[in-house]
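Given next are the chains, with one letter for each unit.
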Amino acid sequence: MKTQNYENHVRMHPIYHYFLTLLVLASLITAVVNLVLSLQSGENVWSALAILLMAAAFVLTFILLRIYPLRAQDRAIRAEESLRHFILTGKPLDSRLTMGQIVALRFASDAEFPELCMAAANEDLPSKEIKKRIVEWRADHNRI
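Since we're looking at a predicted model, the values are computed, not measured.

Looking at a nonpolar patch on the surface
A contiguous nonpolar patch, built from Ile15, Phe19, Leu23 and Phe58 and spanning about 400 Å² of accessible area, is present on the exposed surface. Relative to the helices and strands, isoleucine 15 is located in helix H1 (residues 14-41).

Section: H1
In a regular helix each residue adds 1.5 Å, so 28 residues correspond to 40 Å; H1 covers 39 Å between its end C-alpha atoms and thus fits that length. Considering bend angle alone, the principal kink of H1 is centred on leucine 20 and spans about 35 degrees. The complete set of buried residues in H1 reads Tyr16, His17, Val24, Ala31, Leu35 and Ser38. Where H1 is buried, its residues touch helix H2 (45-89). Note on H1: the residue one or two positions beyond its end, glycine 42, has a positive phi of about 75 degrees.

Focus on the environment of leucine 116
Of note, leucine 116 is situated in helix H4 (residues 113-123). A C-alpha to C-alpha distance of 7.5 Å links leucine 116 and leucine 105, two positions 11 residues apart in sequence. Residues within four places of leucine 116 in sequence aside, it is in contact with Leu105, Ala108, Ile130, Arg133 and Ile134.

Let's talk about the nonpolar core
Core analysis: the biggest nonpolar cluster contains 19 residues, and Leu97, Leu105 and Ile130 have the highest contact counts within it. Those elements that place two or more of their residues in this core are helix H3 (99-105) and H4. The greatest single-element share of this core, amounting to six residues, is contributed by H4. If we ignore the near neighbours within four places in the chain, the residues touching leucine 105 are Glu81, Arg84, Leu97, Phe113, Leu116, Cys117, Ala120 and Ile130. The next biggest cluster of nonpolar side chains, apart from the first, holds five residues, and it includes Leu35, Ala48, Leu52 and Ala55.

Reading the values: the criteria
Residues numbered from 1 in each chain as written. Predicted model: local features only at pLDDT ≥ 70, side-chain atom pairs only at ≥ 80, totals over all residues. Heavy atoms only, no water. Patch = residues over 30% accessible without salt bridge, like charges linked within 9 Å, V, L, I, M, F, W, Y side chains within 5 Å. Areas by Shrake-Rupley, 256 points an atom, 1.4 Å probe, with all protein chains shown as cover. Salt bridge = Lys/Arg side-chain N within 4 Å of Asp/Glu carboxyl O. Helix = DSSP H or I, 4+ residues; strand = E, 2+ residues; numbered from the N terminus. Expected span 1.5 Å × (residues − 1). Bend = angle between axes of the 7 residues up to and from the residue. Buried < 20%, exposed > 50% of the residue type's maximum accessible area, 1.4 Å probe, protein only. Contact = heavy atoms within 4.5 Å. Core = buried A, V, L, I, M, F, W, Y, C linked by side-chain atoms within 4.5 Å.

As far as function goes, none of this settles anything; it's purely spatial.
Now the structure itself:
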């Protein structure tokens, strides 16, 4: 695998992020157009409405399909990074750190992790800035 760094750490799944996104949007647009045309002609309004409801359910499922595993993974990352911080410092992770900051901190090497945790909490650093400050990148190839 390629060495991971700030420039290439974002993970895109082409089938989900490109193909399925376009398919979901196309189905929603098609369903709305179908309903408008049905309302104008006065024919098949109920079936057009049913198609729109199915497309809306498809959009909601598409969104939840992404959110639920990320939330579960965020909980795992919080636990892993809390343990790592405790092992390295003997202290719990600062409670001021947000989930986004903790997710960003997972890329920091053990050598810079404690100091970067303190800086993130004290300076309220956004995750982007945390990642930019990392000198020795610790790759995470398992993120969903």
